[in-house]
Every structure is written in structure tokens, then in C-alpha cells.
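A structural walkthrough
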Amino acid sequence: MTTQTHAPLKDSMGPAQLRELSAVLQSICARFDTGRFLSTALDGLETLTLMKRVRRASDAVAAGAHDLPGGYEGVLALLMEAAPRLGNGFMSLVAPDYVGQHGRQAFERSMDALKFFTPFGTSEFAVREFLRDDLPRALEIMTAWSRHPNDAVRRLASEGTRPRLPWSFRLGALEASPALAAPILDNLRADPSLYVRRSVANHLNDITKANPAWVLARAAQWGIEDPHTRWIIRHALRTLVKQGSAQALAMLGAESTADIEVDAFQVTPARLVLGDTLTLACTLRSTASAPRRLIVLYRIGYVRRNGAATFKAFRLKELTLEPGQAITLSRSQQIRDFMTRTHYAGRHAVQLCVNGSIAAQGWFDLAR
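Cut-offs and rules
- Residues numbered from 1 in each chain as written.
- Predicted model: local features only at pLDDT ≥ 70, side-chain atom pairs only at ≥ 80, totals over all residues.
- Heavy atoms only, no water.
- 1 Å grid on protein atoms, 1.4 Å probe; cavity = no way out; pocket = protein on both sides within 12 Å on 5 of 7 lines; lining within 4 Å.
- Points joined across faces, edges and corners; volume = space filled by probe spheres on them.
- Helix = DSSP H or I, 4+ residues; strand = E, 2+ residues; numbered from the N terminus.
- Nonpolar A, V, L, I, M, F, W, Y, C, P; charged D, E, K, R; others polar.
- Salt bridge = Lys/Arg side-chain N within 4 Å of Asp/Glu carboxyl O.
- Buried < 20%, exposed > 50% of the residue type's maximum accessible area, 1.4 Å probe, protein only.
- Contact = heavy atoms within 4.5 Å.
- Arc of directions from axis to C-beta.
- Axes fitted to C-alpha atoms, helices over the stretch in contact; angles between N-to-C directions.
- Parallel < 35°, antiparallel > 145°, perpendicular 65-115°, else oblique.
- Pairing = 2+ DSSP bridges.
- Core = buried A, V, L, I, M, F, W, Y, C linked by side-chain atoms within 4.5 Å.

**Structural notes on the layout of surface pockets**
Rolling a probe over the atoms, with the probe sized like a water molecule, indicates the empty space that remains. In this model, the second largest pocket occupies a volume close to 250 Å³. Around the second largest pocket, the lining comprises 17 residues; the ones closest to its centre are Met-51, Arg-55, Asp-97, Phe-125 and Trp-167. Listed by contribution, the elements that provide at least two residues to the lining of the second largest pocket are α3 (50-64) and α5 (94-102). Class assignment for the residues of the lining of the second largest pocket results in eight nonpolar, five polar and four charged.

Shown next, in the form of C-alpha cells:
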């Protein structure tokens, strides 16, 4: 077995990238203090996580620009000229982060700067500082962004207001009262850009963790006649579908009673080691008297360190079966560790779920 190793994600903000950023800024403004920048940026860098490296870089920009004319406006002008030359990787987060940390005293100007920077990467993390400082004021501006011709700006309106944006702090007020950001979501409910629709779906999925009834009511209000809206709702309800929510399944056309028979459910191999590939296969046969919409998932009960199991659901197939029709489905999945999941030895249960109900079960043994 060959084990492929990957460089840590934080290395995308390593010394080479920081020296490149320093050189770009110095080439635009000869007075930019590269020595002070690098002294700040590289100090203890190895111990920092990715997002802390972004913060360190924005602090280093402030250090390097300590004697530039124009104060905050002068640094903004420097970063705006540099932005097109920095690519759209994690380096693109430095300018918005600088704004979020050093520009909150200039609210309107800084929000406009974040709108400028977001097409070069994203300002979704930095804008949350302004939402936390003055939620009504920030929401008013971001609602206007949701009607902007640039899809990156429209996405920022939705992504920046996500209650549970990964790698950022939660916005408790929006989690408790999702209606506050509803005008933004309503404006984007049939957006032509997949980039935007994915954000809206993720925003709604965040809300389902604390307030599923609100999302279901909003989805019912929107309806699924428009294909773009239907796409958003389908992806927004994914957590509720994995939990077997009858209301979410019904909204997607999947009846709670599937009326199917499972002719075979195979989990192979029965024993594997970390890095091996697990294969699931099943044959479903409709026993219904009319066409039936099916949402098929499988759930793996991952063994934890203490021997208990935590189930994670994966979507297998969404389809319509005609009366008496049979279909064979299969899926292969490598069993390997991730940053967010460590596998432990033991017997792992596997469940086949159709329209929220367990239709068949199996297992595999994992050895490390």
C-alpha cells in the first residue's frame, strides 16, 4: 500500500509566500519597510495555524507601513494596487484581514474596501468584524451587495452573514434570529451564479443546526418551481435529509414510506486496514403502485477512541423508481484519516437508508 503525504495547508502561507508579499508591496511603494514586515511576519511562524498566519501577515503589513503617508487610506491604496498581483489563494485574505483589524473606525470606507477585495479571493472572514460591531449598519450595506452585478460581491453578502462560517466565530444574533439576514437570502434565492447559490445553501444549512423550522418555512415560501431555487433548497436541506426529517424529505418529493425491497446489500471487504477502499452495493426494487421518489443514503458508524460509534451519513443516489423497477447502486470510498476524522480499529456498522428509514444493514472490521 502506498501512502501519499501532503504538505500541511498552513504551508501555503509560509516564508516564501510572505517574502513574495513583502516584495510586491515594496515594489509598489519604496517606503514600505520590508525588514520590519518580515521581522513581524516570520517570528514564530512555524507554530501558527493557517488563519493565525493570515492574521500575522496583516499585522506585519501594519508594521511595514508604519511611516507611510496617508495613514489608513494610504495602506488601503497600497493593498488595492497589490491585490491583482497576489493570486486568489490564502494570500488574498491578508488585505481584507488588515481592513477587519485596522479599519473598523472607518466603517463605510472599510466596508467598501472589503467589497473591492472580495473578487480577488474573499472578504467573508473580515466582514464579520463589522457585523459584530454594528449588525444593523453592516446588514444594510450587505443587503445592497446582494443586488450587485458581480457574483463575488453577491456571494459575500450571503457567505459573510453565515451564522456558523467555518474557520470563523459564530454570529450569535443571526443564529438566534435568522430573519435578520432574510432580505439578503430572498434577493439571492434564484441567483444565476452557482458560486452564489452554493453560499445561500450553506447559509441555510447553517441555520438548520439551530432553527430547522425557520428554514423549512422559508423553503416552502420560496417554492421549488424555479430550478435555481430548487437547487438551493435541495442542498440547504442536506443535514435535515441525513437526519431523516420527514418534512425535508417531503419537500424534495420523497415520501416517508419508500415501498421498496432490498434484494442485496453488500459491504466489501469485510476486513480492511487504513488506506483500503470500502465498496457498498445494493439492488433496490420498487413495490409501489406508482412512481416513487427515493433519496438513498448510507451511514457509517465510525468507532471512536472510547469504543462508541458516531454515525456519518453520505448521499448515495436520488432517483425515481417506476412500479416494479429495480436498480443496482454502488459506491466506493477510501477509509483514510483526515484532519477532522481519525479512524480507530473495531467493527463499523453500515446502514442503508431510503427516505429516512433504515432499509438494510452491514458492517466491516477495521484494523490499523
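**So, the pattern of salt bridges**
On inspection of all chains with the given rule, the structure shows 24 salt bridges. The closest approach of N and O atoms between Lys-10 and Glu-46, which form a salt bridge, is 3.8 Å. Residue Lys-10 is found in the segment before α1 (15-28), and its partner Glu-46 is found in the loop between α2 (34-42) and α3; the two are separated by 36 residues along the sequence. With relative accessibility at 57%, the residue Glu-46 sits in the exposed group. For Arg-285, the salt bridge is made with Asp-263, and the minimal N-O distance between the two is 2.8 Å. Within this pair, whereas Arg-285 is found in strand β3 (residues 277-286), its partner Asp-263 is found in strand β1 (residues 260-268), the two being separated by 22 residues in sequence. Asp-263 gets classed as partly exposed once you look at its relative accessible area, which sits at 40%. Each member of the salt-bridge network shares a partner with another, and the members are Glu-124, Arg-155, Glu-159, Arg-162 and Asp-206.

**What to know about the side chain of Asn-202**
Looking at the element boundaries, Asn-202 is found in helix α12 (residues 194-208). Looking at Asn-202, the relative accessible area reads 17%, which means it is buried. Those residues in contact with Asn-202 that lie beyond four places of it in its chain are Arg-162 and Arg-238.

**As for helix α6 (residues 107-117)**
Of the positions making up α6, those classed as buried are Phe-107, Ser-110, Met-111, Ala-113, Leu-114 and Phe-117. The buried residues of α6 all sit within an arc of 155° when viewed along its axis, so they share a single face. On the buried face of α6, the contacting elements are α4 (71-82), α5, α7 (127-133), α8 (135-145) and α9 (151-159).

**Let's talk about the packing of α4 against α6**
At their nearest, the axes of α4 and α6 sit 11 Å apart, and the two run at 10° to each other. Judged on the interaxial angle alone, α6 and α4 are roughly parallel. Two secondary-structure elements touch here, α4 through Tyr-72, Glu-73, Leu-76, Leu-79 and Met-80 and α6 through Arg-109, Ser-110, Ala-113, Phe-116 and Phe-117.

**Side note on the sheet that holds strand β4 (residues 292-303)**
Ordered by their spatial adjacency, five strands build an open sheet running β2-β8-β7-β4-β5, and the pairing between neighbours is mixed. Every interior strand has two partners, whereas the edge strands, β2 (271-273) and β5 (309-321), have only one. Strand-to-strand twist of the sheet, defined as the mean angle between neighbouring strand axes without regard to direction, takes the value 25°. Pairing of β2 with strand β8 (residues 357-367) involves three bridges; the strand directions are parallel.

**A word on the nonpolar core**
Counting 84 residues, the largest nonpolar core has Met-111, Phe-117, Trp-145, Leu-204 and Leu-237 as the members making the most contacts within it. Among the elements that take part in this core, α4 stands out by supplying seven residues, more than any other. Those residues in contact with Trp-145, other than ones at most four positions away along the chain, are Met-111, Lys-115, Val-127, Val-153, Arg-154, Leu-156 and Ala-157. In terms of nonpolar packing, the next biggest core, distinct from the first, is built from 26 residues, Ala-258, Leu-278, Leu-321 and Val-350 among them.

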